[in-house]
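The residues making up each chain are set out below.
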Amino acid sequence: IIEGGGLRGLMSCATNEYIPEDSPKVAQLLKEPFGTEAGVKLDGFLEYWRQQIAASGNKLNYWLQQELLRLFQRAGVEMGNEEDQLLAQGREWIERDSTRLAQYRTNTIPSYQDIRDFRDFRIYDKLDCRFGREWKQAEVMEVDWEEMTILVQSRDVNSVASPTTKAQRQWIPMESDRLAEYETKSLESPEHEGDPGPLLARSVSRGGVCPQPGACGLQNLGNTCFINSTLQCLSNSMELRTFFAGTSGEAPLYLDQISASPLSTQGRIAREFSKLLRDMWSNENKSVAPATLKKLIGQKRPEFAGYQQHDAQELLCYLLDALHEDVNRASYPYPTEEEDEKTKSDEVKAREMWAKHTRRSDSTIVDLFQFQIRSELTCPVCSRVSVTFDPIMYLTLPVPKPPHSVPLTVLLSDFPRSPPRTMELEVEKSATIEELESALWRALQRTPAEVPSCFCFADVYYGRIYRQFDPQNLVSDFRQNDNIVAFEVPLCPGVRLQDHVFIPLVCRKKQKPTQFSSQTWQYEKFEPPRIVAVPRDASNGEVFKQLKDMAEYLLESCQIEQPWNFEILTNVDNYATKAGDLLLEDHGLFLAPQQLAIDFDERAEQLKELLPKATKRSSAGPGTTLSACLAKSMEREVLSEMDSVYCKKCKEHRCQTKKLDLWSLPVCLIVHLKRFGRERLDGPLVKIGCSVDFPNELDLEEYMCQKGARSASSTRYELYGVINHHGNVGGGHYTANAVVVPPSAKTLELGEWFNFNDSIVSRATPEDLDTQAAYVLFYRRID
């Protein structure tokens with residue numbers, strides 16, 4: 001017998017509705033001929049459903065059958081005997097020593113992550129719930145497994161505190177379609193069943209919160225800066241935005257071109273991309289969250305599903321491909337065509353290959369971004385020339401790897417009369433410090449015998465020598481952020497170089513401590529530190545005189561009036577924060593300490609201000625130009641063995657010679673700078689961080705084929721967007737710069753440059769563009 005509580009649970013399961021205690025359906029079942037007040041037998045329960053199906057005729061027959069199907073699927077058994085009836089009520093007799101029993105929640109909650117079924121609800125689970133017509137984020141407050149219902153309470157998505165007084169609470173059946181996984185339905189907008197209506201009318205009639213309509217930030221959802229920077233540049237591609245977002249008073253054109261191809265997402269990505277553009281250009285939000293678009297992309301490309309950093313260019317490739325397939329006008333299945341081997345002119349062959357391509361790929365994305373390159377392969381054995389005209393969407397350019405250079409600051413022996421100099425020396429990465437010193441002497445056009453002296457190289461950090469490099473160390477030991485200083489150290493006359501000891505020296509300001517300090521004196525280091533060369537058999541008095549002369553030379557060179565007060569100390573700690581020991585002026589053997597110090601008293605602040613400072617060193621290194629990258633990509637190259645191509649005349653794979661040229665040009669040109677690569681196949685991924693100087697106006701006429709149709713369209717382009725990558729391979733950050741043009745404008749002249757750093761948007765100028773960080777460039781053709 002199925003009792004009243006279990007009966008309500010089963011009815012809720014079958015109908016996807018909450019069945020209250022006073023439900024007329026339950027009351028009907030608890031009467032003859034189906035059951036009694038004590039409950040309903042299985043035969044009576046089944047008879048009830050038979051009569052319901054027979055009475056419904058053809059109208060509700062299907063829905064009642066679906067309710068029964070859900071009912072028996074949930075029960076998981078064919079109810080016949082007494083044990084099956086218990087299972088139908090969610091109950092079962094189990095032996096006490098059965099291995100199916102374990103301590104509460106020891107096997108139901110995984111220790112690493114939650115892999116439960118969505119409808120295996122527990123208290124405090126987060127989910128999306130539909131209240132009325134609106135989807136909201138909610139939380140499970142109670143779970144009733146007997147009646148298979150849960151009590152949900154809506155959450156304030158803008159607050160991390162407890163729910164507000166407006167929170168809604170309701171009991172809902174577990175199988176109800178009003179429940180969905182967390183942050184799925186609540187982040188979606190209503191489906192675009194019809195025309196979405198005018199989009200950009202709002203942005204020209206309302207004064208919003210953005211600096212300018214379209215200058216809207218995108219919230220970082222967790223390492224999603226690569227998505228945000230890409231979307232900002234696409235948002236400011238005027239023709240693309242018009243197609244997907246519409247214009248003032250007109251619906252988007254893409255709605256009439258949704259593809260049903262199995263290669264598409266049936267318009268889901270196109271619709272969400274359109275909605276995001278509409279939100280960004282509504283001028284109602286300072287920033288928006290591209291959460292739903294990210295989720296859709298992650299469903300199709302699992303590598304983008306998590307919250308790891310990814311390559312912005314790879315995301316750009318997939319997003320444009322997905323948008324293309326969603327609005328592909330070519331009918332599916334695509335036609336297959338045999339390759340024509342007949343000899344034809346380049347013009348005819350290019351035209352035929354483009355027509356063949358558009359029979360399979362025909363969309364606004366193709367119209368705006370795709371173009372043709374002429375690829376010529378020459379066999380080194382039989383001299384057979386093979387020419388193809390391949391469609392591409394991105395112009396990928398190699399960034400010529402600059403020669404390895406070492407940026408450093410040079411401190412000459414007559415400092416401070418000679419100010420510090422910043423230099424960059426080109427040496428091999430495998431060179432030693434001794435070879436770097438020789439290169440420095442050549443750059444200075446001097447010899448070590450002039451003073452006599454030598455150069456010591458060290459990493460300087462906060463006014464002290466952090467690390468001193470030996471002559472046998474390699475240049476590759478220098479790290480990226482090291483502040484390398486080359487100290488010219490005078491040597492003692494008549495003493496060989498190897499008979500010297502090189503000791504770090506810091507200059508400090510000695511001052512009274514604050515009232516909360518327990519020390520007698522406090523010491524403040526000021527740059528630059530020095531390195532002194534002391535003979536191994538020197539006495540304390542000789543070293544004292546050497547350092548005394550150095551201190552007086554500093555004060556005299558800075559024209560500081562006497563009297564001079566300073567102390568010379570030895571045995572100073574590594575961080576130079578403690579006093580140390582006074583250096584005695586006697587004939588005892590000098591014992592080389594870890595560090596020496598000269599402490600200045602009242603003249604220290606004046607000396608600190610008068611000492612010359614080194615000019616700020618740029619970390620960009622030697623740079624190149626976009627023209628050099630274009631010329632490099634158009635050079636004739638011999639393919640490697642791994643990239644060998646099959647020669648139809650030789651009937652073998654050959655390392656052929658390849659030559660690329662531009663044949664046609666798109667409306668919007670995307671230039672990808674290959675900053676990431678490997679020096680060898682099994683080597684680590686590295687970034688070429690040199691600056692690439694790119695023009696605001698680019699003319700590609702000289703890179704077009706001699707026989708190409710130059711007059712068909714303009715070869716001049718204007719820059720309107722840049723994706724920047726800051727940092728290195730291990731950890732970096734993406735930003736974007738783009739020209740934001742008013743919705744009604746047709747040219748970039750009326751636009752204004754903005755910098756987009758996730759949700760932070762600020763005005764910029766063309767001079768603010770970072771040539772060292774530029775990764776992907778967006779150009780628009782000037783017709």
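Before reading on, note that the structure itself is shown above.
Keep in mind that what you see is a predicted model, and the values were worked out from it rather than measured. (Residues numbered from 1 in each chain as written. Predicted model: local features only at pLDDT ≥ 70, side-chain atom pairs only at ≥ 80, totals over all residues. Heavy atoms only, no water.)

Caption draft 1: Summary view of the packing of helix α9 (residues 268-280) against helix α11 (residues 312-326). Running from N to C, α9 and α11 point in directions that differ by 110°, and their axes come no closer than 8 Å. Considered as vectors, α9 and α11 are oriented roughly perpendicular to each other. The crossing of α9 and α11 is left-handed. Contact residues: Arg268, Ile269, Ala270 and Phe273 in α9; Tyr318, Leu319, Ala322, Leu323 and Asp326 in α11. For the contact of α9 with α11, the residue count by class is seven nonpolar, no polar and two charged. (Axes fitted to C-alpha atoms, helices over the stretch in contact; angles between N-to-C directions. Helix = DSSP H or I, 4+ residues; strand = E, 2+ residues; numbered from the N terminus. Parallel < 35°, antiparallel > 145°, perpendicular 65-115°, else oblique. Left-handed = near helix turned anticlockwise from the far one by under 90°. Contact = heavy atoms within 4.5 Å. Nonpolar A, V, L, I, M, F, W, Y, C, P; charged D, E, K, R; others polar.)

Caption draft 2: Local environment of the pairing of strand β22 (residues 596-600). Extensive coverage of β22 is indicated by the burial of five of its five residues. In the sheet, strand β18 (residues 500-511) pairs with β22 via five bridges, with the strands oriented parallel. Paired with lysine 509 across the strands is phenylalanine 600, a residue of β22. (Buried < 20%, exposed > 50% of the residue type's maximum accessible area, 1.4 Å probe, protein only. Pairing = 2+ DSSP bridges.)

Caption draft 3: The arrangement of the nonpolar core in detail. With 96 residues, the main nonpolar core has Phe244, Leu626, Leu662 and Tyr779 as its most contacted residues. Among the elements that take part in this core, α11 stands out by supplying nine residues, more than any other. Excluding its chain neighbours within four sequence positions, the residues that come into contact with leucine 626 are Leu397, Val671, Leu673, Val692, Asp693, Phe694, Pro695, Leu698, Leu777 and Tyr779. Judged by nonpolar contacts, the second largest core, of 38 residues, contains Ile503, Phe526, Phe544 and Leu555. (Core = buried A, V, L, I, M, F, W, Y, C linked by side-chain atoms within 4.5 Å.)

Caption draft 4: Just the packing of aromatic side chains, in detail. Using the criterion set out here, one finds 15 aromatic pairs in the structure. The interplanar angle of 75° and the centroid separation of 4.7 Å between the aromatic rings of phenylalanine 469 and phenylalanine 478 together place this pair among those described as edge-to-face. The class of phenylalanine 469 is buried, set by a relative accessible area of 6%. Their ring planes at 50° and their centres at 6.0 Å tell us that phenylalanine 566 and phenylalanine 600 sit as a pair that is tilted. In this pair, phenylalanine 566 is assigned in strand β20 (residues 566-570) and phenylalanine 600 in strand β22, connecting sequence segments 34 residues apart. With a relative accessible area of 1%, phenylalanine 600 lands in the buried category. What links up through ring pairs into an aromatic cluster is the set Phe243, Phe244, Tyr254 and Phe273. It is arginine 241 that lies over the ring of tryptophan 281; its NZ or CZ is 3.9 Å from the centre. One residue, arginine 508, lies across the ring of tyrosine 523, its end atom 4.0 Å from the ring centre. (Phe/Tyr/Trp six-rings, centres within 6.5 Å; stacked < 30°, edge-to-face > 60°. Lys NZ or Arg CZ within 6 Å of the ring centre and 35° of its normal.)

Caption draft 5: How the structure looks around the sheet that holds strand β11 (residues 385-392). Across the sheet, which stays open at both edges, the four strands sit in the order β11-β10-β27-β24 with antiparallel pairing between neighbours. Unpaired on one side and paired on the other, β11 and β24 (637-638) mark the two borders of the sheet. Of the strand pairs in this sheet, strand β10 (residues 371-378) and strand β27 (residues 657-662) are connected by six bridges, and their pairing is antiparallel. Bridging from a neighbouring strand, arginine 374 pairs with aspartate 661 of β27. Against the sheet, helix α12 (residues 346-358) contacts β10 and β11, and its axis sits at roughly 40° relative to β11.

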